[in-house]
Amino acid sequence: MSRVSLEGQVAVVTGAARGVGELLARKLSARGASVALVGLEPDELKQVSERLHGDSDHWHADVTDHEAMARVAREVKERFGKVDIVVANAGVATGGPFVESDPESWRRVIEVNLIGSAVTGRAFLPLLMESRGYLLQIASLAAITPAPMMSAYCASKSGVEAYAHSLRAEVGYRGVRVGVGYLSWTDTDMVRGADQNDVMRELRQRLPWPSNKTYPLGPAVDRIVAGIERRSSHVYGQWWLRGMQGVRGYLPALIGTVGQREMRRFADRLDGMRTGLVGAGGAADEQASTTRRD
């Protein structure tokens, strides 16, 4: 599909304080888009906004909060006049054995990654229908293949993939295109945070090539930008992920067999292993959750 110029377009990026969201906002801005940044870290969002090339603004909001996101959508429309692109990027992760997992952290991964994406879509789809725009849902390699020690993340990313595919069929006749973005392990705070756990890091290193590598952020985000310009149905942050689609039906059985062997290898190191939300973004979400409870 031919590329659509981003000059004069208005893009909303959730989870824009760091990582994929921050760099994506910078690259969209450099191509002429006005950018609305949404996330939980107002100071960081403000700093990102001030560094962008063109017009931008930022909104502090929890993507799981229906009322907050509806307010953000109204204010973005008032501020910029329209919305052409929405990237549902906000996400958190946790790892470790399911039976040892912290129930609140496990639930929060589902809430942010899946429910938060749906809340984002519900808030902004009316505006995308007006502009005949594009919604890009960021998923993951975890949507294509299951993995032990990542039950919450895999469940949430499989969910958002299915949600986005369903949505594409619903809103296409209204002129809205919907895409799914897939990323393998990419050099972000989230991945670096997960690697701080020795077991999680070593398990990942034992994955088959090329899924055992950490990939640089820049090229992955360049691929996402190109997908946005093409209004692509599928966007792959790493070249080899496209090929995974053809074999994904065989992966659950394969992972089920190989995964048992790997878990047996690490069994004596798993007792008592409890992991909360990982990385700086996870810490920000936990801090916000504490504030909400207070």
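Bear in mind that the values here come from a model prediction, so they are computed numbers and not experimental data.

Draft legend 1. Main features of the sheet that holds strand E6 (residues 177-182). The strand order E3-E2-E1-E4-E5-E6-E7 describes an open sheet built from seven strands, whose pairing is parallel. The sheet is open, and its two edges are formed by strand E3 (56-60) and strand E7 (234-236), each paired on a single side. The average angle at which neighbouring strand axes cross in this sheet is 15°, direction not considered. Across the face of the sheet, helix H2 (residues 42-51) comes into contact with strand E2 (34-39) and E3 while running at roughly 175° to E3. The sheet contacts of helix H6 (residues 151-171) involve strand E5 (134-138), E6 and E7, and relative to E6 the element is tilted by about 160°.

Draft legend 2. Region of the structure containing the pattern of salt bridges. Throughout the structure, instances matching the rule amount to 24 salt bridges. A salt bridge links Arg 79 to Asp 55, with the shortest nitrogen-to-oxygen separation between them at 2.7 Å. Taken as a pair, Arg 79 in helix H3 (residues 66-80) and Asp 55 in the loop between H2 and E3 lie far apart in primary sequence, 24 residues in all. Look at Arg 79 and you get partly exposed, because its relative accessible area is 35%. A relative accessible area of 36% places Asp 55 in the partly exposed class. Here Glu 262 ties to Arg 261 by a salt bridge, and the two come within 3.4 Å at their closest N and O atoms. The exposure class assigned to Arg 261 is partly exposed, which follows from its relative accessible area of 47%. Sharing partners across several salt bridges, the network here consists of Arg 18, Glu 41, Asp 187, Asp 189 and Arg 192.

Draft legend 3. Broad picture of helix H4 (residues 103-131). With 29 residues, H4 should cover 42 Å at 1.5 Å per step; its first-to-last C-alpha distance of 40 Å lies within 8% of that length. In the structure, H4 departs most strongly from a straight axis at Phe 124, where the bend amounts to approximately 45° and where the proline Pro 126 lies between one and four residues downstream.

Draft legend 4. Quick peek at the nonpolar core. The biggest cluster of nonpolar side chains holds 63 residues, and the ones touching the most others in it are Val 12, Met 69, Val 76, Val 83, Phe 124 and Tyr 182. The contact partners of Val 12, leaving out residues within four places of it in the chain, are Ala 36, Val 38, Val 76, Val 83, Ile 85, Val 86, Val 87 and Phe 124. If you look at the next biggest cluster of nonpolar residues, it comprises 29 residues, including Val 35, Ile 85, Tyr 134 and Leu 183.

Draft legend 5. View of H6. Here H6 contains 21 residues, and its C-alpha end-to-end distance of 30 Å stays within 8% of the 30 Å for a straight helix at 1.5 Å per residue. Where the residues of H6 are buried, they touch H4, E5, helix H5 (141-144), E6 and helix H7 (189-195).

Draft legend 6. Inspection of the pairing of E6 at higher detail. In terms of burial, E6 is a largely internal element, five of the six residues being buried. Bridging between E5 and E6 involves five bridges; their strand directions are parallel. In the strand pairing of E6, Gln 137 is matched with Val 180. Pairing of E6 with E7 involves three bridges; the strand directions are parallel. Bridged to Tyr 182 within E7 is Tyr 236.

Draft legend 7. View of the packing of H4 against H6. Contact geometry for H4 and H6: axes closest at 8 Å, N-to-C directions at 20°. By the criterion of interaxial angle, the relationship of H4 to H6 is roughly parallel. When you trace H4 past H6, the crossing you get is right-handed. Between H4, through Trp 106, Val 109, Ile 110, Asn 113, Leu 114, Ser 117, Ala 118, Gly 121, Leu 125 and Met 129, and H6, the contact on the second element is made entirely by Ser 151, Ala 152, Tyr 153, Ala 155, Ser 156, Lys 157, Gly 159, Val 160, Tyr 163, Leu 167 and Val 171. Per-class residue counts for the contact of H4 with H6 are 14 nonpolar, six polar and one charged.

What counts, and where the lines are drawn
Residues numbered from 1 in each chain as written. Predicted model: local features only at pLDDT ≥ 70, side-chain atom pairs only at ≥ 80, totals over all residues. Heavy atoms only, no water. Pairing = 2+ DSSP bridges. Helix = DSSP H or I, 4+ residues; strand = E, 2+ residues; numbered from the N terminus. Axes fitted to C-alpha atoms, helices over the stretch in contact; angles between N-to-C directions. Contact = heavy atoms within 4.5 Å. Salt bridge = Lys/Arg side-chain N within 4 Å of Asp/Glu carboxyl O. Buried < 20%, exposed > 50% of the residue type's maximum accessible area, 1.4 Å probe, protein only. Expected span 1.5 Å × (residues − 1). Bend = angle between axes of the 7 residues up to and from the residue. Core = buried A, V, L, I, M, F, W, Y, C linked by side-chain atoms within 4.5 Å. Parallel < 35°, antiparallel > 145°, perpendicular 65-115°, else oblique. Left-handed = near helix turned anticlockwise from the far one by under 90°. Nonpolar A, V, L, I, M, F, W, Y, C, P; charged D, E, K, R; others polar.

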